[in-house]
Amino acid sequence: MEALAVTLEPYKDRIGMSAAIITVVQFFSGVFVINDIRKRGSTEGFSAGPFLGGSVFCLLNIQFGQMLRDDAMIQVNFIGLALNIVYVCAFYLFTVGAAKTKVWGQIGVAGAVVAGILSYVQYEDPQLVEFRFGVILTVILLLLVGMPLLGLGEILKKKCTEGLPFPIICAGTLVSLSWLLYGIVLRNDFIVVQNLIALALCSVQLALFAIFPSKPASKVTQKPTTKKTN
């Protein structure tokens, strides 16, 4: 890794800037998922989890940015938080029937997680909170990246990737790769390990798109033909 770090050292600022830009672009990938839901007129087969998880992650990253006094991190995650809230609202709008109750339950769980972590941050030892909060964010990131794999059983059963948010997964792959390179340049093992695992999870999900079609195969039934004999 040291040899690669030396090679990338002259491009440190460009890699960091690229990582930030790609991260902002990733936040807009949810637009494509919401558009697919709009076309179908229903959220059936989709989950609000990625949007709620994104809201939680961005909100906590704003807190982390305040701890680090990193204005860039705060600004980027404010954009992400605003967009993910819009996605959650749009998802709820297209949710029908009893499924709305499930969405409210997920929102409640997300709110409880945020409240619990922020409360912990206020009472933790200032000398320990930065590292431990970083570990918490890493766990949440990996759960968020790997969330689509929770439906792996259904994907294998249907033999299609319908419902998997391809734009979000694809953008997540690029984000993980860019921050992995930036972590190598910084020689920061924490960033490298975090994004290496995230990249592996994204690669597994992208492999599913290469193996299975995006739509289930239509079942074609043929009527038996009878041959007349004289």
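Residues numbered from 1 in each chain as written. Predicted model: local features only at pLDDT ≥ 70, side-chain atom pairs only at ≥ 80, totals over all residues. Heavy atoms only, no water.

A. Representation of the nonpolar core within the structure. I34, I37, F51 and F91 are the most contacted members of the largest nonpolar core, which totals 19 residues. Put simply, the parts of the chain that give this core at least two residues each are α3 (30–40), α4 (49–68) and α5 (71–94). No other element matches α5, which puts eight residues into this core. Apart from residues lying up to four places away in sequence, F51 is in contact with G30, V33, I34, N84, Y87, V88, F91 and I168. By size, the runner-up hydrophobic cluster in this structure holds 18 residues, among which are F64, V114, F133 and C202. (Core = buried A, V, L, I, M, F, W, Y, C linked by side-chain atoms within 4.5 Å. Buried < 20%, exposed > 50% of the residue type's maximum accessible area, 1.4 Å probe, protein only. Helix = DSSP H or I, 4+ residues; strand = E, 2+ residues; numbered from the N terminus. Contact = heavy atoms within 4.5 Å.)

B. Broad picture of the side chain of N84. Among the secondary structure elements, N84 is positioned in helix α5. With sequence-adjacent residues up to four places away left out, N84 is seen in contact with P50, F51, G54, S55 and C58.

C. The confidence of the model for the chain, seen in detail. Per-residue pLDDT for the chain averages 81, and the proportion of residues at 70 or more is 93%. The secondary structure element of the chain with the lowest average pLDDT is helix α8 (residues 152–158), at 76, and the one with the highest is helix α6 (residues 99–123), at 90. Residue range residues 219–226 is modelled with pLDDT below 50. Its contacts to residues more than four positions away, or to other chains, number zero contacts. (pLDDT = per-residue confidence, 0-100.)

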